[in-house]
Amino acid sequence: MGSQVSVDMRSVRVVIVGGGFGGIAAASQLQALNISFVLVDMKDSFHHNVAALRASVESGFAKKTFISYSMSFKESFRQGVVVGIDLTNQRVLLEDGTALPFSHLILATGSNGLFPGKFNQVSSQQDAIQAYENMVKQVQRSQSIVVVGGGSAGVEMAAEIKTEYPEKEVTLIHSQVALADKELLPCVRQEAKEILLRKGVQLLLSERVNNLEELPFNEYQECISVRTDKGTEVATNLVIVCSGIKINSFAYHNAFESQLASNGALRVNEYLQVEGCTHVYAIGDCADVKEPKMAYHAGLHANIAVANIVNSMKQRPLKAYTPGALTFLLAMGRNDGVGQISGFYVGRFMVRLAKSRDLFISTSWKTMRQSPP
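Worth saying up front: this structure is predicted, and the values here are computed from it rather than measured.

Cut-offs and rules
Residues numbered from 1 in each chain as written. Predicted model: local features only at pLDDT ≥ 70, side-chain atom pairs only at ≥ 80, totals over all residues. Heavy atoms only, no water. Salt bridge = Lys/Arg side-chain N within 4 Å of Asp/Glu carboxyl O. Helix = DSSP H or I, 4+ residues; strand = E, 2+ residues; numbered from the N terminus. Buried < 20%, exposed > 50% of the residue type's maximum accessible area, 1.4 Å probe, protein only. Expected span 1.5 Å × (residues − 1). Arc of directions from axis to C-beta. Pairing = 2+ DSSP bridges. Axes fitted to C-alpha atoms, helices over the stretch in contact; angles between N-to-C directions. Parallel < 35°, antiparallel > 145°, perpendicular 65-115°, else oblique. Left-handed = near helix turned anticlockwise from the far one by under 90°. Contact = heavy atoms within 4.5 Å. Nonpolar A, V, L, I, M, F, W, Y, C, P; charged D, E, K, R; others polar.

Student: I would appreciate a short explanation of the pattern of salt bridges in the present structure.
Tutor: A side chain of one charge can pair with a side chain of the opposite charge when the charged atoms of the two come close. Tallying each qualifying case throughout the model produces 13 salt bridges. Note that Glu58 and Arg334 form a salt bridge whose closest N and O atoms lie 3.2 Å from each other. Of the two residues, Glu58 sits in the loop between helix 2 (52-55) and strand 4 (66-68) while Arg334 sits in the loop between strand 19 (328-331) and strand 20 (337-341), which places them 276 residues apart along the sequence. Residues Glu275 and Arg267 are paired through a salt bridge, measuring 3.3 Å at the closest nitrogen-oxygen approach. Given the relative accessible area of 35%, Glu275 is considered partly exposed. Residue classification places Arg267 among the partly exposed positions, given a relative accessible area of 28%. By sharing partners, the salt bridges in this structure join Glu58, Glu164 and Arg334 into a single network.

Written out as structure tokens, the structure reads:
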């Protein structure tokens, strides 16, 4: 899809809502094809949040994880908050009253979660980077840190802290017995546990924090008391929560009320078109596709959506999206990790080569056609 499309595409105007991994992949492809588009996001820069946890512990790292939209997409980027979608008149409505007309719409709104794993707020690049540098200071100041939530983000967070600051006490509290994501092979989940134990992370498994609403998050204090439902009490200086990821449906939930899945994602057909709307595509986390929510999958979805916009204009058959065998890599500090590729176990050496050292940062800078700092 590198060459320009020869048919008359002047009637095509694509609006992409959300500038995460799926959004920038779609925008860069449309740009290469010389197809008119507008990318809308509340931030002024793309956040490579795959590396957000390392940016929380390593000073100077955060600047590598935020990439200016306007440098890449020029006047095809619009910073703003989408408050609604007018399907009748085919317009995306922004908080400032602007209406962006579209012939095709790509919804790539991603998911929301707590900082530092996610950074979903109206912000400048400079302020976003500073938020992570401030977090690094909180981590550096703390001798004892509790990470709440032992999914993949919590596992990686605990490992990043222990890799950068081996002398700190790190406790990971998880309500389940097995760590990381349930889609992973049991041997991968077990090895993730072994890596944490080797690094010296204290594990409290099958325990749920029951005073979470009373606790300060991401903020050093002399003594914070974390209590669990099993009666365990942990005294700590810092609490980092790595759980509670939710689909970000704010922009579209009114317009597509009848097409929402129970988790807020949009029900799509095999071509990633929202049910009943052939000119509207959902990609990434907000698409109700039976696979784990991952940056890699969002990029694959973007390929399908852009190809199908072109194919529909050329009256060609549409491309179907088929989820493949799971590839999932856990970076557990820059020197360790475990995962699976196409359903097969891979160990530390492969994961370190593929993800742990760089966390795919160079891939995002390449997609945005910029050079990293």
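Student: How do you make sense of helix 6 (residues 186-199) when you look at a structure like this?
Tutor: Working note: α-helix, 3.6 residues per turn, so residues spaced by three or four point in the same direction. An ideal rise of 1.5 Å per residue puts 20 Å on 14 residues; helix 6 measures up with 20 Å between its terminal C-alpha atoms. Those residues of helix 6 not exposed but buried are Val188, Arg189, Ala192, Ile195, Leu196 and Lys199. Seen along its axis, helix 6 keeps its buried residues to an arc of 115°; they face one direction. Opposite the buried face of helix 6, by more than 90 degrees, sit the exposed residues Pro186 and Arg198. Positive backbone phi, at 95°, marks Gly200, one or two positions downstream of helix 6.

Student: Looking at this structure, how should I read the sheet that holds strand 11 (residues 144-148)?
Tutor: Sheet strands line up and pair through hydrogen bonds in the backbone, either parallel or antiparallel. Pairing in this open sheet of 4 strands is parallel, and the strands run 13-12-11-16 from one edge to the other. Strands at the two margins of the open sheet, each flanked by one partner only, are strand 13 (202-205) and strand 16 (238-241). Ignoring which end each strand starts from, the neighbouring axes of this sheet average 20° apart. Across 4 bridges, strand 12 (residues 169-174) lies against strand 13 in parallel orientation. Across the sheet, the residue bridging to Thr171 is Gln202, located in strand 13.

Student: Whenever I open this one, the packing of helix 5 (residues 152-164) against helix 6 confuses me. Can you help?
Tutor: For any two helices packed against each other, one specifies the crossing angle of their axes together with the interaxial distance. Running from N to C, helix 5 and helix 6 cross one another at 25°; their axes reach a closest spacing of 10 Å. Classed by the angle they form, the pair helix 5 and helix 6 counts as roughly parallel. Classified by chirality, the crossing of helix 6 by helix 5 is left-handed. Residues Val155, Ala158, Ala159, Lys162 and Thr163 of helix 5 form the contact with helix 6, whose participating residues are Ala192, Leu196 and Lys199. Taken together, the residues of the contact of helix 5 with helix 6 sort by class into 5 nonpolar, 1 polar and 2 charged.

Student: Explanation requested: the sheet that holds strand 21 (residues 344-346) in the structure shown.
Tutor: The 3 strands lie next to each other as 19-20-21, forming an open sheet whose pairing is antiparallel. Either end of the sheet is taken by a strand with one partner, and the two such strands are strand 19 and strand 21. Each strand axis lies, on average, 15° off the axis of its neighbour in the sheet, ignoring direction. In terms of strand pairing, strand 20 meets strand 21 through 3 bridges, oriented antiparallel. Bridging from a neighbouring strand, Gln340 pairs with Tyr345 of strand 21. Against the sheet, helix 6 makes contact with strand 19, strand 20 and strand 21, and its axis sits at roughly 170° relative to strand 20, the strand it touches most.

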